[in-house]
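# Observations on chain architecture
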Amino acid sequence: KEYQTLLHQQTEDEAALRHANQRKEMLTRSIGETREQVEDERKQLHELKARLASTSAQREDVKEEIAASAERLAEADRAVESITIRHAQCQQKGVSLQDRLSAVQEEIETATSDESQYRSRFESAKERLSSLSQQHERVATNQSQLREEVSDLNQRLKTTSDEIHQAQSTVEKHEEVLRSHDNAAASLGEQAEELTSDLEVMRHQRAASGSRLHLLEEMQEAREGLTDAVKHVLDNQEQFVGLQGLIGDAIDTNHADASLVESALGTNIQLLLVDNSAAIQNIQTTLESVVGRVGLIAADTIAKERLSSFDHPSITPLLTIIKVKENAKNAVESLLGTTAVVPNLQTAWDMKATMPGWRFVTKKGELLEADGRVYIGQSSSSSQTGWLTRRIELGALGVEVSALDQQIDQRQTQLSDLLHESEQAKSQQRDSAQRVRDARNAVVESEYQQQRLEDDLQRTSRHNMVLQDEFEEVETSIRQAKIDLRVAEEQATQCSQNVTTLGSQRTEIREEL
């Protein structure tokens, strides 16, 4: 801003310097013309002095001639005494004529001097009129140039004003774009923060699920919950021909119902499924060396016929809430075909009267056997770490962890894209801010240009007023000079006529003398 102020001051100083130079040139020309006029008047004064000296010489000559005439007259008087009286009369008349001649000569000299003065005034007035005419033309030319300059300044001022409006419109447009970029950057920042928060929650959830999954995998690999004998058989399954696996691995259900199935199966969940009854006999021989008890069930076991059918809204057959592999359907149906799920133990006792051959398991895991035995509480096999519950949870956790990994990757990708978009938005924001600054600088520059043009216009107007005053003064001087010229010409003409008349009179007097 200080640099612009100095630049503005420099422009005004240069304009003032040019104006002063113009005034200096005008004053120099005026001084030169005045010096020429003074020199002309000095020449005229010198001529007048020369004429005065010439007239004095002529006057002396006339006096000498009169003296000579007096001498001749005296000689004539001495020579002709007879004409003394006439000579006296003639002398008296000669003196009178001489006086008249002297008077006429003086009048001629005075008239000649006046004529010279009037001629000098006429020439001076003529030269002054010529100088004033030239000055009048210069002032008129300067006024025309000033009018053109004013017109140009007005046009430039209008153009600058249009540029200011356009620059202000550009500033508003860029500010609007900048606000949109600010809003977009803020929105992207909020989205990024939300994604970061979601990602952090998912990572915590993934860590917890992964830890739980790892724990369950370790428990599953250790076959925790199974007897040592069953573990030995499963670990050495190739030694037992016809062995298909654990019956619990052939059953699948949702995680919420897994504990009910475990409660209904009880220790039967550790039964080993074999191909048929013959395979049981073969495996029996191999199991003689195994310490501990192992339960076996044939895949071709014939399921018991259901004791009755029912249609009760509060009772759900257990087989309807589980899925069984095809090779274990008969075995599982023989175990759970007459087992139903009831809301509570009281309902089980109520239904037992109408369904005597059925087993009932409640939502809490309580079990009412067909023979009236009741199991209350959770056993180790039906706890949250039960084999079936653990296996189902393990599968669900695997799916959950895989889904969380995909979601985390997806969120990470979205976050990277958002960060990239945010960086682009910040770059656009910086570009828009720079455009706003450039547009504002353009407005300031245009406003400074407008102010400078207004100052130039005011200066030009003041100069034009000065020239107008000078123009009017010159016109007044020209009118006065024309009057002086006409008066001097008339007076010079009158003096010339008087000189001519006096010259005629002088000639007559000389002739008479």
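Let us look at the overall build of the chain. Counting secondary structure elements, the chain contains 8 helices and 10 strands. Along the longest, intermediate and shortest principal axes, the C-alpha atoms of the chain span 220 × 45 × 30 Å. Per-residue burial for the chain yields a buried fraction of 33% across its 513 residues. Expressed as a percentage of contacts within the chain between residues at least 6 apart in sequence, the contacts between residues at least 24 apart total 77%. When the accessible area of the chain is evaluated, it comes to approximately 31,800 Å², of which 49% is carbon and sulfur surface. Both charge centroids of the chain, one from 59 positive and one from 89 negative side chains, sit 2 Å from each other.

Before going further, it helps to spend a moment on the side chain of Thr253. By secondary structure assignment, the location of Thr253 is in strand β2 (residues 251-253). We classify Thr253 as buried; its relative accessible area is 9%. Among the polar contacts listed, one links the side chain of Thr253 to the backbone oxygen of Ile321, at a separation of 2.7 Å. Filtering out sequence-adjacent residues up to four positions away, Thr253 remains in contact with Ala258, Val261, Ile321, Ile322 and Ile392.

In this section: the sheet that holds strand β1 (residues 243-246). Pairing within the open sheet is mixed, and its 3 strands lie in the order β1-β3-β4. Two strands close off the open sheet at either side, each with one partner strand: β1 and β4 (296-298). Sheet twist, expressed as the average angle between the axes of neighbouring strands with direction ignored, equals 30 degrees. For strand β3 (residues 272-274) and β4, the ladder comprises 3 bridges, and the chain directions are parallel. Across the sheet, residue Leu272 finds its bridge partner in β4, namely Leu296. Here helix α5 (residues 277-286) sits on the sheet and contacts β1, β3 and β4; the angle it forms with β4, its principal contact strand, is near 155 degrees.

Turning our eyes to something else, we now look at the environment of Leu453. Its location among the elements puts Leu453 in helix α8 (residues 387-512). Residue Leu453 is classed as buried on the basis of its relative accessible area, which comes to 1%. For the pair Leu453 and Leu153, spaced 300 residues apart in sequence, the C-alpha separation works out to 6.4 Å. Those residues in contact with Leu453, other than ones at most four positions away along the chain, are Leu153, Arg156, Leu157 and Thr160.

Those residues of helix α3 (residues 228-235) not exposed but buried are Ala229, Val230, Val233 and Leu234. Seen along its axis, α3 keeps its buried residues to an arc of 130 degrees; they face one direction. On its buried face, α3 sits against β1 and β3.

Evaluation of the coordinates by the stated rule reveals 6 salt bridges. The partner of Asp405 in a salt bridge is Arg206, and the shortest N-O contact between them spans 2.6 Å. Of this pair, Asp405 sits in helix α8 while Arg206 is found in helix α2 (residues 84-221), placing the two residues 199 residues apart along the sequence. We classify Asp405 as partly exposed; its relative accessible area is 29%. Among the residues examined, Arg206 registers a relative accessible area of 26% and is labelled partly exposed. When the shortest N-O distance is used, the salt bridge between Lys329 and Glu326 registers 3.3 Å.

This next bit is on the sheet that holds strand β9 (residues 367-368). The strand order β5-β7-β8-β9-β10 describes an open sheet built from 5 strands, whose pairing is mixed. For this open sheet the edge positions go to β5 (316-317) and β10 (374-375), each flanked by a neighbour on one side alone. In terms of strand pairing, β5 meets strand β7 (residues 339-342) through 2 bridges, oriented antiparallel. Opposite Thr316, over in β7, you have Val341 as the bridge partner.

Turning next to the side chain of Glu369. On the secondary structure map, Glu369 appears in the loop between β9 and β10. In this structure Glu369 comes out as buried when scored by relative accessible area, which is 11%. Here the side chain of Glu369 touches Arg359 through a polar contact of 2.7 Å, side chain to side chain. Those residues in contact with Glu369 that sit more than four places away from it in its chain are Lys352, Trp358, Arg359 and Tyr375.

Scored by pLDDT, the chain comes out at a mean of 79, with 91% of its residues at no less than 70. Low pLDDT (under 50) marks residues 380-384, which in the prediction has 15 contacts with non-local residues, meaning those over four places away or in another chain.

Here strand β8 (residues 359-362) shows no split at all, with Arg359 and Val361 on one side and Phe360 and Thr362 on the other all buried. Relative to β8, β7 runs parallel, the two being bridged by 4 bridges. By the bridge assignment for β8, Ala340 is matched with Phe360. In this fold, the crossover linking β7 to β8 by way of helix α7 (residues 345-354) has right-handed handedness. As paired elements, β8 and β9 share 2 bridges and run antiparallel to each other.

This paragraph deals with a negative patch on the surface. A grouping of Glu60, Asp61, Glu64 and Glu65 is seen on the molecular surface, where their side chains present a negatively charged patch. Tracing the chain through its elements places Glu65 in helix α1 (residues 2-79).

It is worth spelling out the packing of helix α4 (residues 255-265) against α8 at this point. Between α4 and α8, the shortest axis-to-axis distance is 8 Å and the interhelical angle comes to 160 degrees. With respect to α8, the axis of α4 lies roughly antiparallel. Of the two elements, α4 crosses α8, and the hand of that crossing is right-handed. Two secondary-structure elements touch here, α4 through His255, Ala258, Ser259, Val261 and Glu262 and α8 through Trp387, Leu388, Thr389, Ile392 and Glu393. A per-class count over the contact of α4 with α8 returns 5 nonpolar, 3 polar and 2 charged.

Scoring rules and cut-offs
Residues numbered from 1 in each chain as written. Predicted model: local features only at pLDDT ≥ 70, side-chain atom pairs only at ≥ 80, totals over all residues. Heavy atoms only, no water. Helix = DSSP H or I, 4+ residues; strand = E, 2+ residues; numbered from the N terminus. Buried < 20%, exposed > 50% of the residue type's maximum accessible area, 1.4 Å probe, protein only. Contact = heavy atoms within 4.5 Å. Areas by Shrake-Rupley, 256 points an atom, 1.4 Å probe, with all protein chains shown as cover. Lys, Arg positive; Asp, Glu negative; His and termini not counted. Charge placed at Lys NZ, Arg CZ, Asp CG, Glu CD. Polar contact = N/O pair within 3.5 Å; in protein donor to acceptor, adjacent residues only side chain to side chain. Pairing = 2+ DSSP bridges. Axes fitted to C-alpha atoms, helices over the stretch in contact; angles between N-to-C directions. Arc of directions from axis to C-beta. Salt bridge = Lys/Arg side-chain N within 4 Å of Asp/Glu carboxyl O. pLDDT = per-residue confidence, 0-100. Right-handed = clockwise from strand over helix to strand, strands pointing away. Patch = residues over 30% accessible without salt bridge, like charges linked within 9 Å, V, L, I, M, F, W, Y side chains within 5 Å. Parallel < 35°, antiparallel > 145°, perpendicular 65-115°, else oblique. Left-handed = near helix turned anticlockwise from the far one by under 90°. Nonpolar A, V, L, I, M, F, W, Y, C, P; charged D, E, K, R; others polar.

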